[in-house]
Amino acid sequence: MDKKMDNKSPKCPHKGCNCPVEREGEYCGAYCEGQADKAMAKCECDHPGCGH
Ligand SMILES: [Zn+2]
Ligand SMILES: [Zn+2]
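Parameters and conventions
- Every chain's residues receive numbers from 1 upward, in the order its sequence appears when written.
- Chain labels run from A onward and ligand labels from 1 onward, assigned in the order the entries are written.
- Note on the predicted model: pLDDT of at least 70 is required for a residue's local features to be given, and 80 or more for side-chain atom pairs to be given and counted; whole-chain, interface and lining totals, by contrast, use all residues.
- Helix and strand assignments follow DSSP, with helices taken as H or I runs no shorter than four residues and strands as E runs no shorter than two, numbered in order from the N terminus.
- Backbone-placed C-beta atoms define the burial measure: a residue is buried with 20 or more other C-beta atoms within 10 Å of its own, exposed with 12 or fewer, and partly exposed in between.
- Contacts are defined on C-beta atoms placed from the backbone: any two residues whose C-beta positions lie within 7 Å are in contact.
- We define the nonpolar core as any set of buried residues of the types Ala, Val, Leu, Ile, Met, Phe, Trp, Tyr and Cys, connected via C-beta atoms lying within 7 Å of each other.

Draft legend 1. Expanded view of the overall build of the chain. Within the chain, the regular secondary structure consists of 1 helix and 0 strands. Within the span of the chain, comprising 52 residues, buried residues form 15% of the whole. Within the chain, counting contacts between residues at least 6 apart in sequence, those at least 24 apart form 27% of the total.

Next up, the structure:
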């Protein structure tokens, strides 16, 4: 385990998504949770600052 990661806010594990999340390994929303297995070029979770 790399403890250095604790200093940063965790991000949504969905590829292409840059949304911050509260806990490591947590998805930013239902969209990313549902699309987690698919490698999308961009995220369409519709959160501000994401999916561009
Ligand atoms: Zn996103
Ligand atoms: Zn996400």
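Draft legend 2. Representation of unusual backbone geometry within the structure. Of note, Asp46 is a non-glycine position whose phi angle comes to about 75°, a positive value. Here Asp46 lies in the segment after helix H1 (30-35).

Draft legend 3. Broad picture of the nonpolar core. Judged by nonpolar contacts, Cys12, Cys17, Cys28, Cys32, Cys43, Cys45 and Cys50 together constitute the single largest core of 7 residues. Excluding anything up to four places from it in sequence, Cys32 contacts Cys12, His14, Cys17, Tyr27, Cys43 and Cys45.

Draft legend 4. The arrangement of the environment of Cys17 in detail. Of note, Cys17 is situated in the segment before H1. Residue Cys17 is classed as buried on the basis of its 24 C-beta neighbours within 10 Å. Those residues in contact with Cys17 that sit more than four places away from it in its chain are Cys12, Cys28, Cys32, Cys43, Cys45 and Cys50.

Draft legend 5. Highlighting the environment of Lys38. By the element assignment, Lys38 lies in the segment after H1. In this structure, the C-alpha to C-alpha distance between Lys38 and Lys15, residues 23 residues apart in sequence, is 8.2 Å.

Without other data, these values stay purely geometric and don't point to any function.
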